[in-house]
Amino acid sequence: MIRTASAIAILAAGLMGCTTAKPYGPAASATAQGYLVQPIETNRYRVSYTALTPDEARRYALRRAAEVTVEQGADWFRVVSNYTDQDYSRSGGSSVSVGGSSGGRYSGVGVGVGIGLPLGGGDSKTTEALEIITGSGSKPDEPNAYDARSVLVNTAGY
């Protein structure tokens, strides 16, 4: 009984490790978790963040946009366009299998159908991409304009 409980605990820890979020930081490649920044022209950037959940992707994309703004010596940024891309390519699937056996005077054939259910342990990812314009001085009174330092303060705990 103890061996069974230990095996279950090890298996559960292993499964949890598969879905652990990567800490905030740059992406190792265009499809990896993390941020990418592409300068478009003076004071205009495309900032994206790939994460395991849509909320995390949005929050970290805004955080990175604020960091870029401050790095450029600006005070605020405005999101001029954005899109979200969700990839569920490996989070479930279906299969059909056929098997047979024989032994002694009897033989048998079986057919099985499997349906993959995405139970949260898959490899789904979300990328939030923001195109921003940075500026200095007073923040415009627009719903898509953000004070960069306020965003950094409000996302510091993530």
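The preceding data block contains the structure.
Residues numbered from 1 in each chain as written. Predicted model: local features only at pLDDT ≥ 70, side-chain atom pairs only at ≥ 80, totals over all residues. Heavy atoms only, no water.

### Remarks on the nonpolar core
Generally speaking, nonpolar side chains in soluble globular proteins are found buried as a group. As a reminder, the rule being used: In this description, a nonpolar core means a group of buried Ala, Val, Leu, Ile, Met, Phe, Trp, Tyr and Cys residues linked to one another through side-chain atoms lying within 4.5 Å. Three labels apply to residues, based on accessible area from a 1.4 Å probe with only protein chains included: buried if under 20% of the type maximum, exposed if over 50%, partly exposed otherwise in between. The helix count covers DSSP runs of H or I at least four residues long, the strand count covers runs of E at least two residues long, and both are numbered beginning at the N terminus.
Core analysis: the biggest nonpolar cluster contains 18 residues, and Tyr49, Ala65, Phe77, Leu130 and Ile132 have the highest contact counts within it. Elements with a contribution of two residues or more to this core: β2 (44-51), α2 (54-71), β3 (76-87), β6 (125-135) and α3 (148-154). Of all the elements, α2 adds the most residues to this core, at 7 residues.

### A word on the pattern of salt bridges
For the record, the criterion: Between Lys or Arg on one side and Asp or Glu on the other, a salt bridge is scored when a side-chain nitrogen of the former is within 4 Å of a carboxyl oxygen of the latter.
In the structure shown here, the tally under the stated rule is 8 salt bridges. Here Arg44 makes a salt bridge to Glu131, at a shortest N to O gap of 2.6 Å. A residue pair is termed long-range when its members are at least 10 positions apart, and Arg44 in strand β2 and Glu131 in strand β6 qualify at 87 residues. The salt bridge involving Arg78 is made with Glu142; its shortest N-O contact spans 3.5 Å. With Arg78 in strand β3 and Glu142 in the loop between β6 and β7 (145-147), the pair connects residues that are 64 residues apart, well separated along the chain. Residue classification places Glu142 among the partly exposed residues on the basis of a relative accessible area of 35%.

### Looking at the side chain of Arg63
Quick reminder of the rule: Whether two residues are in contact is decided by their heavy atoms: any pair within 4.5 Å suffices.
Checked against the element boundaries, Arg63 lands in helix α2. Since its relative accessible area comes to 17%, Arg63 is described here as buried. Residues contacting Arg63, with those up to four places away along its chain left out, are Tyr24, Val151, Leu152, Thr155 and Ala156.

### A look at the packing of aromatic side chains
Put simply, the rule is: Under the pairing criterion, centres of Phe, Tyr and Trp rings, with the six-membered ring standing for Trp, must be within 6.5 Å; the plane angle then separates stacked pairs below 30 degrees from edge-to-face pairs above 60, leaving the rest tilted. Here, a charge over a ring means that NZ of Lys or CZ of Arg falls within 6 Å of the ring centre while also lying within 35 degrees of the ring normal.
This model, assessed by the stated rule, comprises 6 aromatic pairs. Plain terms: the ring middles of Tyr35 and Tyr49 are 6.5 Å apart, the flat faces sit at 45 degrees to each other, and that makes the pair tilted. With a gap of 14 residues between them, Tyr35 in strand β1 (residues 34-41) and Tyr49 in strand β2 connect regions that are remote in the sequence. Neither Tyr35 nor Tyr49 differs from the other in exposure class; each is buried. A cation over an aromatic ring shows up here: Arg63 above the ring of Tyr24, its NZ or CZ 5.7 Å from the ring centre.

### Digging into the sheet that holds β6
Whether parallel or antiparallel, the strands of a sheet pair through hydrogen bonds between backbone atoms. Going by this rule: Two strands are said to pair when DSSP picks up at least two bridges between them. Helix axes are fitted only over the stretch in contact, all axes being lines through C-alpha atoms; the angle between N-to-C directions runs from 0 to 180 degrees.
Reading across from one edge, β1-β2-β6-β3-β7 is the order of the 5 strands in this open sheet, with antiparallel pairing throughout. Every other strand in the sheet has two partners, leaving β1 and β7 as the edge strands with one partner each. Ignoring strand direction, the axes of neighbouring strands in this sheet form an average angle of 30 degrees. Inspection of the sheet shows β3 paired to β7 by 3 bridges, in the antiparallel sense. Of the residues in β7, the one forming a bridge with Trp76 is Asp147.

Nothing here speaks to function; it is geometry throughout.
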